[in-house]
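# Structure at a glance
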Amino acid sequence: MEPQRITPAEVKQRMDSGESVVFLDSRSDEAHRQADTQIPRSIRVPPDQVEAHLDEIPRRGLIVPYCT
């Protein structure tokens, strides 16, 4: 499956409809340290450590990676 872009409004609509949505924080370590906010309950998956975190990523529902 190819990744698709999704707008914040589309994510909200899908969350409001009860769909399972998981946010993956894929910012670099430096960007993550410098950030003053993060999405609550997001899963931290640095881009260079994806394989080490595969078991933390749900297999069902909408997966929304984000970075800066």
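In this text the structure is predicted, and so the values were computed from the model without any measurement.

Scoring rules and cut-offs
- Residues numbered from 1 in each chain as written.
- Predicted model: local features only at pLDDT ≥ 70, side-chain atom pairs only at ≥ 80, totals over all residues.
- Heavy atoms only, no water.
- Pairing = 2+ DSSP bridges.
- Helix = DSSP H or I, 4+ residues; strand = E, 2+ residues; numbered from the N terminus.
- Salt bridge = Lys/Arg side-chain N within 4 Å of Asp/Glu carboxyl O.
- Buried < 20%, exposed > 50% of the residue type's maximum accessible area, 1.4 Å probe, protein only.

### Section: the sheet that holds strand S1 (residues 21-25)
The parallel open sheet is built from three strands, whose spatial order is S2-S1-S3. Because the sheet does not close on itself, it has two edges, and the strands there are strand S2 (43-44) and strand S3 (62-66).

### Remarks on the pattern of salt bridges
For side chains of opposite charge, pairing can occur when their charged atoms come near one another. Counting across every chain of the model gives five salt bridges. Across the pair Lys12 and Asp16 runs a salt bridge, and its minimum N-O distance is 2.6 Å. In this pair, Lys12 and Asp16 both sit in helix H1 (residues 8-16), four residues apart, roughly one turn of the helix. Taking relative accessible area as the criterion, Asp16 reaches 55% and is therefore assigned exposed.

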